[in-house]
Amino acid sequence: MEERLRKLVAHYRDCEQQPVRFRPETWRSWLKAHGAAHVVDSSSPCPSGASGDRLISRGDLARLRDRVGSDDPDGLRDLFVAVMIWGSGTTNGRGPRYTDAALSDVRMPAVLASTREAVRAGDLSGAYRHFALQGVGRSFFTKWFAAVDDRDGDRALILDNRVLRSLNALGWTSWQAAGTRRLSVRYATYVSSMHGWAADLEVTADRLEWLLFQVNGHVDNTPPVPAGTPVAGPRQSPTTYSSH
């Protein structure tokens, strides 16, 4: 498996994840009622595409994360909204509706605060067990984990359907690796496994995660990529709710 990952890393060595394009006006009406419409401005103008489109990147999420205080529910809410925008892009039309459902859930402030605390303490299994908001499944709440994790060690990673499809194509399954059917333990096992592989391959774990997302299960059938070619990076999955 590691040799196949090594070939994948080499194949995409000149490619970088790009910011995600989104349409602010699609989001504003859903966010206004929650006092979060300003989040769409935590991004950059898009030089091409439909008029008014903007770009949001992982770097933008990191900057928002770094501005959140220790007791800052509005800051956590804004970061969560940005994560949902980044994960939805322009192709997941349900993103604004799912985000509205989560923002309307009375559990949201406590869930965001407690799961951030768990992630930053390294308790990824605990964060997984305790994340429960309307409209947000694993593909998106693991994006939240990755966004809030500012540790120097084995940071949380995204586990969506595309990443999982690639891992399965490589012959890796979370329940076999973890030795249990408990989803929370399987997620933590996935993260630790990815960091181990990334260290051996001399890449970052989040880059390896993105490469697995990019190929979407086609791990041995990747087309030639000219040097310097940027590869699009929206992180949405086909559905907000998913299983593995």
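Conventions we followed
- Residues numbered from 1 in each chain as written.
- Predicted model: local features only at pLDDT ≥ 70, side-chain atom pairs only at ≥ 80, totals over all residues.
- Heavy atoms only, no water.
- Helix = DSSP H or I, 4+ residues; strand = E, 2+ residues; numbered from the N terminus.
- Buried < 20%, exposed > 50% of the residue type's maximum accessible area, 1.4 Å probe, protein only.
- Contact = heavy atoms within 4.5 Å.
- 1 Å grid on protein atoms, 1.4 Å probe; cavity = no way out; pocket = protein on both sides within 12 Å on 5 of 7 lines; lining within 4 Å.
- Points joined across faces, edges and corners; volume = space filled by probe spheres on them.
- Nonpolar A, V, L, I, M, F, W, Y, C, P; charged D, E, K, R; others polar.
- Salt bridge = Lys/Arg side-chain N within 4 Å of Asp/Glu carboxyl O.

Caption draft 1: Structural context of the side chain of H195. Relative to the helices and strands, H195 is located in helix α11 (residues 183–201). Note on H195: relative accessible area 15%, which makes it buried. When near neighbours in sequence (up to four residues on either side) are disregarded, H195 contacts G153, D154, R155, L157 and A205.

Caption draft 2: Layout of the layout of surface pockets. Estimates place the volume of the largest pocket at around 340 Å³. In terms of lining, the largest pocket is formed by 21 residues, of which the most central are R58, R65, A146, R155 and D206. Of all elements in the fold, only α3 (58–67), α8 (138–148) and α12 (205–215) reach the threshold of two or more residues within the lining of the largest pocket. A total of 4 residues in the lining of the largest pocket trace back to one element, the largest contributor, which is α3. For the lining of the largest pocket, the per-class residue count stands at 9 nonpolar, 3 polar and 9 charged.

Caption draft 3: The arrangement of the pattern of salt bridges in detail. Tallied over the entire structure, the rule returns 17 salt bridges. Between E2 and R6 there is a salt bridge; the shortest N-O distance is 3.4 Å. In this pair, E2 and R6 both sit in helix α1 (residues 2–11), 4 residues apart, roughly one turn of the helix. Given a relative accessible area of 28%, E2 falls into the partly exposed group. Owing to a relative accessible area of 36%, R6 belongs among the partly exposed residues under this scheme. With a closest N to O distance of 3.3 Å, R28 and D41 form a salt bridge. Taken as a pair, R28 in helix α2 (residues 24–32) and D41 in the loop between α2 and β2 (44–45) lie far apart in primary sequence, 13 residues in all. The class for D41 is partly exposed, based on a relative accessible area of 41%. Salt bridges sharing common partners tie together E2, E3 and R6.

So far we have only geometry, and geometry alone does not tell us how the molecule works.
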